[in-house]
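# A structural walkthrough
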Amino acid sequence: MFRADEGDGASLRRLCSQAECLRTRLRERLDNGDLSSAIKIAEKSVENNCIVVLLAMVQCVDRDFNDDFRPIASSSPDDAANASILNEMADVALLALTDLYMIGEAYLKRNGWFPLDQSSSVAGGIMYEHHESGETSEEPIVDDNMSWQLKLMLSIPILIEPGCVNGQVVWAAEVVYYQHGVAGDNGGQLFDLECPENGNNSSYVVSVIDVLKSDEDGQSARLRGIYYGCWKGLYAEATGEKDMATNSILGQNLELWVETTLAGLSVTNKQSSHVRILVIGLAGGQLASFLHKYIANLELHVVEASQTMVDIAVKYYQLHSAVLDCISIMDPVEYVKSQCLKDVGDFDTIIVNVCSSEDSFPTHLMNDEFFNGLVSMLSNHPTSTLLVSTGVSADTVATLVDNACKQVHGHRSGHALLLREYLLRDHNVDNNEGVIVAARRGKWSLSVDDWRRAHMGENAQLSGAMDVANAQRTQVVRLEKFLSSEDIAMIHTVAKSELATIREGTKGALDVHTDSWKVLYLQSNNVFQRKLPALRQRILDAVREVDRNNWRLFDNVDHVNIRVVEYHQMDEFGELADPKHYDLNSLLTMDIMLSEEGAFEGGELQTKEADGKLKKHEFNQGDALIFVSHKYHCVGKVRSGRRNVMVLEFWYGPERQCPHRCERFGNEICSKDPAQDVYTSQQYPVLDDGLLEDSASSTPLPFRLGSVSTNQEDSRETLELLWEPSGGDEVVQDKPAHINQEINEKLLSDAFACFGDSSDSEDE
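Right, let's walk through the structure included here. (Residues numbered from 1 in each chain as written. Predicted model: local features only at pLDDT ≥ 70, side-chain atom pairs only at ≥ 80, totals over all residues. Heavy atoms only, no water.)

## What to know about helix α2 (residues 35-47)
Taking 1.5 Å as the rise per residue, α2 with 13 residues should run 18 Å; its terminal C-alpha atoms sit 18 Å apart, in good agreement. Where α2 is concerned, the buried positions are L35, A38, I39, I41, A42, E43, S45 and V46. Phi turns positive one or two residues past the end of α2, at N49, with a value near 75°. (Helix = DSSP H or I, 4+ residues; strand = E, 2+ residues; numbered from the N terminus. Expected span 1.5 Å × (residues − 1). Buried < 20%, exposed > 50% of the residue type's maximum accessible area, 1.4 Å probe, protein only.)

## Observations concerning empty space enclosed by the protein
Within the structure shown, the criterion is met by 2 cavities of 30 Å³ or more. In this model, the second largest cavity occupies a volume close to 50 Å³. Looking at the second largest cavity, the residues that line it are Q523, N526, V527, F528, Q529, V565, E655, R656 and Q657. With 3 residues, helix α17 (residues 527-531) is the single largest residue contributor to the lining of the second largest cavity. The residue makeup of the lining of the second largest cavity, split by class, is 3 nonpolar, 4 polar and 2 charged. (1 Å grid on protein atoms, 1.4 Å probe; cavity = no way out; pocket = protein on both sides within 12 Å on 5 of 7 lines; lining within 4 Å. Points joined across faces, edges and corners; volume = space filled by probe spheres on them. Nonpolar A, V, L, I, M, F, W, Y, C, P; charged D, E, K, R; others polar.)

## Points about the packing of helix α1 (residues 9-31) against α2
Packing of α1 against α2 leaves a shortest axis separation of 7 Å and a crossing angle of 160°. What the angle tells us is that α1 and α2 run roughly antiparallel. Considering only the axes of α1 and α2, their crossing is left-handed. Note on element contacts: α2 touches α1 through L35, S37, A38, I41, A42 and S45, opposite L22, R25, L26, R29 and L30. (Axes fitted to C-alpha atoms, helices over the stretch in contact; angles between N-to-C directions. Parallel < 35°, antiparallel > 145°, perpendicular 65-115°, else oblique. Left-handed = near helix turned anticlockwise from the far one by under 90°. Contact = heavy atoms within 4.5 Å.)

## Some points on the pairing of strand β12 (residues 275-280)
Counting buried positions along β12 yields 6 of 6 residues, so the element is predominantly enclosed. Along β12, one buried face is formed by V275, I277 and V279 and the opposite face, lined by R276, L278 and I280, is buried too. With 6 bridges joining them, β12 and strand β13 (residues 298-304) adopt parallel strand pairing. Residue pairing in the sheet places I280 in a bridge with V303 of β13. (Pairing = 2+ DSSP bridges.)

## Describing the environment of G167
Along the polypeptide, G167 turns up in the loop between β6 (163-165) and β7 (168-170). In this structure the C-alpha to C-alpha distance between G167 and N66, which are 101 residues apart in sequence, comes to 9.4 Å.

## Examining the packing of α1 against helix α3 (residues 50-59)
Their axes nearest at 12 Å, the elements α1 and α3 cross at an angle of 120°. Regarding the angle of α1 to α3, the classification is oblique. At the point where α1 passes α3, the crossing takes the left-handed sense. Along its contact with α1, which presents L15, C16 and A19, the element α3 presents V53, L54 and M57. Residue classes in the contact of α1 with α3 are distributed as 6 nonpolar, no polar and no charged.

Put into structure tokens, the structure is as follows:
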């Protein structure tokens, strides 16, 4: 990103000087005991996006991960001179970032929080302790008014800690591209640490940053995103996010809820000869590329006002030439005016995705003329759709869309829907972030069933699972002493035998989540049915009776089978921490306690109830807890001992024999299931391309609508949407990959010890 040649040396020295100046101003205030003034200066600099600039300066140096990440020495004199400038700049930037962190730490200390130790979960992270309460936290919040600038400053230790993945140096947030200047000025200042006297200097800032993100199961990915305006940290919402895995292709998957919703609600209109979609706002080209890949007979038009954004999409996202040919570089206002000269609109879907700095909708587009023009450009088909990503301007945009529907269509009332993400994780986001306003020519009642019929075909096989929002209102059913001690002993014996087959190199399935949590899949190779047939039938009979008396979910499907049989072991520190974990696509889940009383402490099974609170369930040896699979559930941390349970899921699909928790639902093929050919030949004819005859499309979407719930806010109703993954080219798992013959001997030895004699029920 930085060059020390071609005349850039002066610019780099100017940046060094600015960083030194910032350090001097901060140190003077701290040395004089004026923390409040130091915080104001630091917050102003952070608001000017200095963190991104300083990170880019630190990252400009090639580092040797085998030598404690020190700069790599250059061999030639010319290169050495250039490297010297870059090294000096990186050192100054690192010191400036350290000073900014020290301001944040001083603020915490003033409020009773002191550094305790390095974080055990995040590289570079710091654990803090409150000196009065003794509370510990990696992200202490002093009060509700703590600024985002201070929170970002406190994350600096994580941001400046390098790591190594596959022989390459990686950062928590790697700056790939940055432009800091005046809107529309492609020659704007590339980097600047100066803060103007009035306002900030981030009125037009575009950054491309690779952020390392991980989920609750510890799976990590490097996601490239475009950020407009000031970057607010690792949790900031990006535009055009793309997984940078080596085999990832632009448009193959969508990472963001906003883009998934914009694509998922686009009209496919399969009965017509072609589909016309207009996208206003290119971002990184991810959405346009996705539409191009997944919608057949598509006539795509993309309008982008900035040549810079097109260049970014081509250089940093590898935008395909077929999508590039669809782009018109012009102002959206002028484009809409030119289209409105036509008598009749002819777009099946119009997508507006142009939120800019601070996630705000551009003010020059927020007028009746622009939105009236958009609505008039829609075709006369009742399903033609307008979708607008509003950012923080949801109420204003919704009113404009409502008015346009009345003006253009003559509706007595507007048909705009407000759509927001149904959150499975707790995020600190503004209530108006990530909102989409949607409208159609005809009336629109958005539901899961309607969406699946429209996008997956009338004959699409549905899971029959309960809507996620409705599932939270259901209760857990406890069957006391469902299994005897003899039943439990047989389960332990079968588990131990199966683990031995893995040790001997034959087929089996062991899933090591963490050092403290291991799972053995007993449905693999039909082990559960072959070795415990009577117990299997008793479980099926009990689950059917419980469903009949409570939810009647099994009435929604033609048949119900066992999806997975999991033999779980949790040792000390093991836990399923995510309070909103649920078993996607399964109907019911049964947990059976195998451990005897007193064998462990902690490890409580908890479910999230309708009031939002977690409920702990009484769960003794031999008890079975049965609940709707889409009900949120988690397991508290095991404080001591060993917790053994058996978990079964029941679904509308084949009784799987694959060595993992299979995600291949219904007529989807799992290549790891040894009984797949038998099941397929009995249930579905197979076409030459390996897809099953009832598939809705030759390129099915990699997601589907999973839940639509209503939330009344003020006078306007909001629909909260949850998208769920569906089948793709690979077997998708929501847990770490299973371990089979390739498992290394040490891990096998450790696992065998874990499941050995000490796990038998008599010795728990």
